Amino acid sequence: MFGLTKKLHIYIALILMISVLAGCASGGTTGTTDSSSKSASGNESNAAGSGADEQTRVIKHAMGETTVKGTPKRIVTLFQGANDVVVALGVKPTGVVESWVQQPVYKYLRDDLDGVTQVGQESQPNLEEINKLKPDLIIATKTRHEDIYDQLSQIAPTVVTETLFDWKETVKTAGEAMNMKEQSDKLLADWDARVADFKDKMGDRLPIEATITNFRADQVRIFYMGYAGKILKELGFTRPPGHDEDTWGVELTSKENIPDMNADMIFNFNSGTETEAIEKNYKDWTSSPLWKNLDAVKNNQLVQVDEVAWNMGGGYTSANMMLDDLYKQFNLN
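Residues numbered from 1 in each chain as written. Predicted model: local features only at pLDDT ≥ 70, side-chain atom pairs only at ≥ 80, totals over all residues. Heavy atoms only, no water.

A.B. asks: Requested: an account of the pairing of strand β7 (residues 137-141), with residues and values cited.
C.D. replies: Taking burial as the measure, the five residues of β7 include five buried ones, the bulk of the element. Going residue by residue along β7, you find Leu 137, Ile 139 and Thr 141 tucked away on one face and Ile 138 and Ala 140 tucked away on the opposite face as well. Sheet topology note: the strand β3 (residues 75-77)/β7 ladder contains three bridges and is parallel. What sits directly across from Thr 77, in β7, is Ile 139. Here β7 runs beside strand β8 (residues 158-161); their pairing, made up of four bridges, is parallel. Across the sheet, residue Thr 141 finds its bridge partner in β8, namely Thr 161. (Buried < 20%, exposed > 50% of the residue type's maximum accessible area, 1.4 Å probe, protein only. Helix = DSSP H or I, 4+ residues; strand = E, 2+ residues; numbered from the N terminus. Pairing = 2+ DSSP bridges.)

Right, dumping it as structure tokens:
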């Protein structure tokens, strides 16, 4: 009897031990499950944070509205001002259009655009090459690309500026589309500070009436409120009657139009790669008595300026290059 009781106690003890071990095992499993849950929860949190970086934004632009996801990494720029501005924002674009002069890209951008793929000309971008680059953002301009906007939009989200020559619009549009508004706002604020400094240093010398002239191989132009015209106006210069029209300018049809150039100062740049033809055209026009009778010419206020800084670049950095020229011209440094 005593032996039976002893065996019964052993059985009970074994059962208790098994229960305890089972409980421990159960607790261990629970602990692992909790840890996995926390890990999963953490991953979800990280995913949520990543999702925040991938939020979609609706960008309003000259051709309507475009939805852009997160911060684009592969950006294709289809006009010179956009090439300039994207670099000024500290980003190396994936594809750019060829420059008009100093090909394949303007000298002041060559280091920043070294190795970047060319996607054709500004006036005729290569859609096949653009598609090969798999961009996640295309920056275009209505002036050049209105007719191919739908095709561009099928390749990647595309934002479009209204004009080629309003560099501030390009900065704002690019900054919003690239998810770099803070950086683009700073560029504009830095520019405003330089403009204020220029005006302050110029003092009573402003306003100065100025004309912007341009000689090419086969034509002569006066630039009105295009790229350089808008900058001059902002800096406190005035323009002759009619030169403040909200358009790029006018092509002169004959030397009889030379008096339309008259102003206190003339800023001139010659454009193109046909050097001999350009020089011949320039000499032909400037040998005219009408040219020699212009106030700026008579008073030695004809200033030759760089065509890239004053017209071709069309962006933030080139605008500062133009302003650098004016600081030097008026001995403000």
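A.B. asks: How would you sum up the sheet that holds strand β13 (residues 302-304)? Please name residues and give values.
C.D. replies: Judged by pairing direction, the sheet is mixed, and its five strands sit side by side in the order β11-β10-β9-β12-β13 without closing on themselves. Each edge of the sheet is formed by a strand with only one pairing partner; in this case those strands are β11 (249-252) and β13. Looking at each pair of strands side by side, their axes are set apart by 25° on average, direction ignored. Bridge count between strand β9 (residues 210-215) and strand β10 (residues 220-223): four bridges; the pairing is antiparallel. Across the sheet, residue Thr 213 finds its bridge partner in β10, namely Ile 222. (Axes fitted to C-alpha atoms, helices over the stretch in contact; angles between N-to-C directions.)

A.B. asks: Give a detailed account of the side chain of Ser 99, specifying residues and quantitative values.
C.D. replies: Residue position: Ser 99 is located in the loop between β4 (95-98) and β5 (117-121). By relative accessible area, Ser 99 is classed as buried at 3%. Reaching out from Ser 99, the side chain makes a polar contact with the backbone oxygen of Val 101 at a distance of 2.8 Å. The contacts of Ser 99, once residues within four sequence positions are left out, are Gln 80, Pro 104, Val 105 and Tyr 106. (Polar contact = N/O pair within 3.5 Å; in protein donor to acceptor, adjacent residues only side chain to side chain. Contact = heavy atoms within 4.5 Å.)

A.B. asks: Summarise the environment of Leu 188; cite the residues concerned and give the values.
C.D. replies: With respect to the secondary-structure elements, Leu 188 resides in helix α7 (residues 181-202). C-alpha separation for the pair Leu 188 and Tyr 316, spaced 128 residues apart in sequence, amounts to 8.6 Å. In contact with Leu 188, not counting residues within four places along its chain, are Trp 167, Lys 168, Val 171 and Lys 172.

A.B. asks: Tell me about α7, and please be specific about residues and values.
C.D. replies: The end-to-end C-alpha separation of α7 is 32 Å, in line with the 32 Å expected for 22 residues at 1.5 Å each. Every buried residue belonging to α7 is among Ser 184, Leu 187, Leu 188, Trp 191, Val 195, Phe 198 and Met 202, and all of these are buried. Projection of α7 onto a plane perpendicular to its axis shows the buried side chains occupying an angular sector of 90°, all on one side. The outward face of α7, more than 90 degrees from its buried face, is lined by the exposed residues Glu 182, Lys 186 and Asp 200. For α7, the secondary structure elements touched by its buried residues are α2 (80-88), α6 (167-177), α8 (227-235) and α13 (316-329). (Expected span 1.5 Å × (residues − 1). Arc of directions from axis to C-beta.)

A.B. asks: Go over the nonpolar core with me, naming the residues and quoting the values.
C.D. replies: Judged by nonpolar contacts, the single largest core of 49 residues is most densely connected at Ile 139, Phe 198, Phe 237, Phe 267 and Trp 310. Sequence-distant contacts of Phe 267, that is, excluding residues within four places in its chain, are made with Ala 210, Thr 211, Ile 212, Thr 213, Leu 232, Phe 237, Val 303, Val 305, Trp 310 and Leu 326. (Core = buried A, V, L, I, M, F, W, Y, C linked by side-chain atoms within 4.5 Å.)

A.B. asks: Run through the packing of α2 against α13, naming residues and quoting values.
C.D. replies: Closest axis-to-axis distance for the α2/α13 pair is 6 Å, and the angle between their directions is 90°. By the angle between their axes, α2 is roughly perpendicular relative to α13. Across from Asp 84, Val 85 and Ala 88 in α2, the residues of α13 making contact are Tyr 316, Thr 317 and Ser 318. Here the contact of α2 with α13 is built from residues that sort into three nonpolar, two polar and one charged. (Parallel < 35°, antiparallel > 145°, perpendicular 65-115°, else oblique. Nonpolar A, V, L, I, M, F, W, Y, C, P; charged D, E, K, R; others polar.)

A.B. asks: Would you mind going over the pairing of β10 in detail, with residue names and values included?
C.D. replies: Neither face of β10 is left uncovered, since the one carrying Val 220 and Ile 222 and the one carrying Arg 221 and Phe 223 both have all their residues buried. Between β9 and β10, which follow one another and run antiparallel, lie four residues. Pairing of β10 with β11, which is carried by four bridges, proceeds in the antiparallel orientation. Bridge assignment links Val 220 to a residue of β11, and that residue is Leu 252.

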